[in-house]
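Given next are the chains, with one letter for each unit.
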Amino acid sequence: MSATVTTTKSTSTPGKGNGPASRMSLGKVLLIVAGALIALSVLRALVDAAQQADFDRVTSAGQIGAALSMAVPIGLAGLGGLWSERAGVVNIGLEGMMILGTFFGAWAGYQTNPWVGVLAGVLGGAVGGLIHAVATVTFGVDHIISGVAMNILALGATTYLAKRWFEPLADIGGSPKNSPQVDPIQSFTVPGLSDWLADLENHHWFLVSDIAGILGGLVTDISALTIVSVLLVVGSFFALWRTSFGLRLRSCGENPTAAESLGVNVYLYKYAAVVISGGLAGLGGVFLALVRSHIYNEGQTGGRGYIGLAAMLFGNWRPGGLAMGAGLFGYSDALQLRNGGATVHALLLLVALGLAALAAWRIVRKSYVAGAVSGAAAVALLLWYALTDTVPNDLVSATPYIVTLLVMGLASQRLRMPKANNRPYRKGQGT
């Protein structure tokens, strides 16, 4: 095993990607979080002074709760992509696996109970992952082509099955495009603490009320499936970075030939990773069907599988960064549910100041072109904020996709994918 450890470590370059120099210390992370909270509080106070009270929704418990529910399916899809790509298999088919999760989760959920639906949705996504693994690992099909085919196959299969299974149930709410209603999964609220935080939030005190709103959203009406999802993120970190199983799996994504020379069954680990990937994406689909809406609807995933991939890239193929990316994309997605136009308009000021800070940092690091671009974008957003009162609803609905593009553009310089990602592998090729 010591040889495997050496091989894995040698792929990281200090200062880049997953190298030790690129990891932030706990103190730096806490400093960034504190700075963001103070910035939000200052901006809320400024906007309130200008009698634009819509900005307090940005840190309200309702906004944070909605962001969390939006972030969970994105995070689960991204976590599925992380498992697959750490083993060297690109999984563009996450969207299709989420679709399978929504359909089979709702189909089993309305017939029995929601938790059976959760199991069925996970199995549906895992079957999608197995199909992708057979195509890519066994037959050597290009990973991108196989993933796109998986998305098309899942959409076609669920559309056909919905007509066969749900249309005859019109008397209880079924149709060719949606399932009957499914019983909700249990949710939890921390007694006492939730009410106390809500009371603090309503005082609109500087910083204190903002922190109370954020914490209140994390302890009020939280689905049991959300708790399971958080545990899966933590468990994935320990499984992939603290166990011999995870070390072997990651070695398949870095140097499968070296892993094979040390007795690792590369095919088996790739299959396991892609099936787990599909199951996690299926669970994300289950969350959409059984927690968010209590029903299956055609087109329910709305591209969240692709956004999950973006969250994985944002997190540089690590669970912690993935969770942060999912939270960012979920937050932007939730804005359109909270009086979207006015809220997004107020948030333009925060984004403009963030870009201005980024521009200053780029210039200090002598990246003059990047600094000039960030500064120009900051000026444009400030002018947009000053000259308008709201953001058109059509643009608000595209907020999560715009944020995805912006974040990926800013984060792309620090990405370092597994070295053998999307590369064909055949047993014995290194001998």
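Look above for the structure.
Since this is a predicted model, take the numbers as computed values, not measurements.

Quick look at helix α14 (residues 319–335) now. Across its 17 residues, α14 extends 24 Å between first and last C-alpha, which sits within 8% of the 24 Å expected from 1.5 Å per residue. Most of α14 is tucked away, with 12 of its 17 residues classed as buried. Listing the buried residues of α14 in full gives P319, G321, L322, G325, A326, F329, G330, Y331, S332, D333, A334 and L335.

This paragraph deals with the packing of helix α5 (residues 114–138) against helix α6 (residues 143–165). The contact between α5 and α6 brings their axes to 10 Å, and the two run at 145°. In terms of crossing hand, the pair formed by α5 and α6 is right-handed. Between α5 and α6, the residues in contact are G128, I131, H132, A135 and T136 and H143, S146, G147, M150 and L153, respectively. For the contact of α5 with α6, the per-class residue count stands at four nonpolar, six polar and no charged.

For the coordinates displayed, the defined rule picks out one cavity of 30 Å³ or more. In this structure, the largest cavity is lined by V89, T136, V137, H143, Y267, K270, R423, P424 and Y425. Here the residues of the lining of the largest cavity are counted per class, giving five nonpolar, two polar and two charged.

On inspection of all chains with the given rule, the structure shows 14 aromatic pairs. On the basis of an interplanar angle of 15° and a centroid distance of 6.1 Å, the ring pair of F237 and W241 is categorised as stacked. Within this pair, F237 and its partner W241 are both found in helix α9 (residues 224–241), separated by four residues, close to a single helical turn.

A grouping of I38, V42 and F206 is seen on the molecular surface, where their side chains present a nonpolar patch of about 250 Å² in accessible area. Here I38 shows up in helix α2 (residues 26–49).

Attention now goes to the layout of surface pockets. Counted as a void, the second largest pocket has a volume near 310 Å³. Lining of the second largest pocket is provided by 18 residues; of these, S69, D221, I222, S223 and V291 occupy positions nearest its centre. Elements supplying a minimum of two residues to the lining of the second largest pocket: α3 (61–86), α8 (208–219), β2 (222–223) and α12 (266–292). Looking at which element gives the most residues to the lining of the second largest pocket, the answer is α3, with four residues. Grouping the amino acids of the lining of the second largest pocket by side-chain chemistry returns eight nonpolar, nine polar and one charged.

Conventions we followed
- Residues numbered from 1 in each chain as written.
- Predicted model: local features only at pLDDT ≥ 70, side-chain atom pairs only at ≥ 80, totals over all residues.
- Heavy atoms only, no water.
- Helix = DSSP H or I, 4+ residues; strand = E, 2+ residues; numbered from the N terminus.
- Expected span 1.5 Å × (residues − 1).
- Buried < 20%, exposed > 50% of the residue type's maximum accessible area, 1.4 Å probe, protein only.
- Axes fitted to C-alpha atoms, helices over the stretch in contact; angles between N-to-C directions.
- Left-handed = near helix turned anticlockwise from the far one by under 90°.
- Contact = heavy atoms within 4.5 Å.
- Nonpolar A, V, L, I, M, F, W, Y, C, P; charged D, E, K, R; others polar.
- 1 Å grid on protein atoms, 1.4 Å probe; cavity = no way out; pocket = protein on both sides within 12 Å on 5 of 7 lines; lining within 4 Å.
- Points joined across faces, edges and corners; volume = space filled by probe spheres on them.
- Phe/Tyr/Trp six-rings, centres within 6.5 Å; stacked < 30°, edge-to-face > 60°.
- Patch = residues over 30% accessible without salt bridge, like charges linked within 9 Å, V, L, I, M, F, W, Y side chains within 5 Å.
- Areas by Shrake-Rupley, 256 points an atom, 1.4 Å probe, with all protein chains shown as cover.
- Salt bridge = Lys/Arg side-chain N within 4 Å of Asp/Glu carboxyl O.

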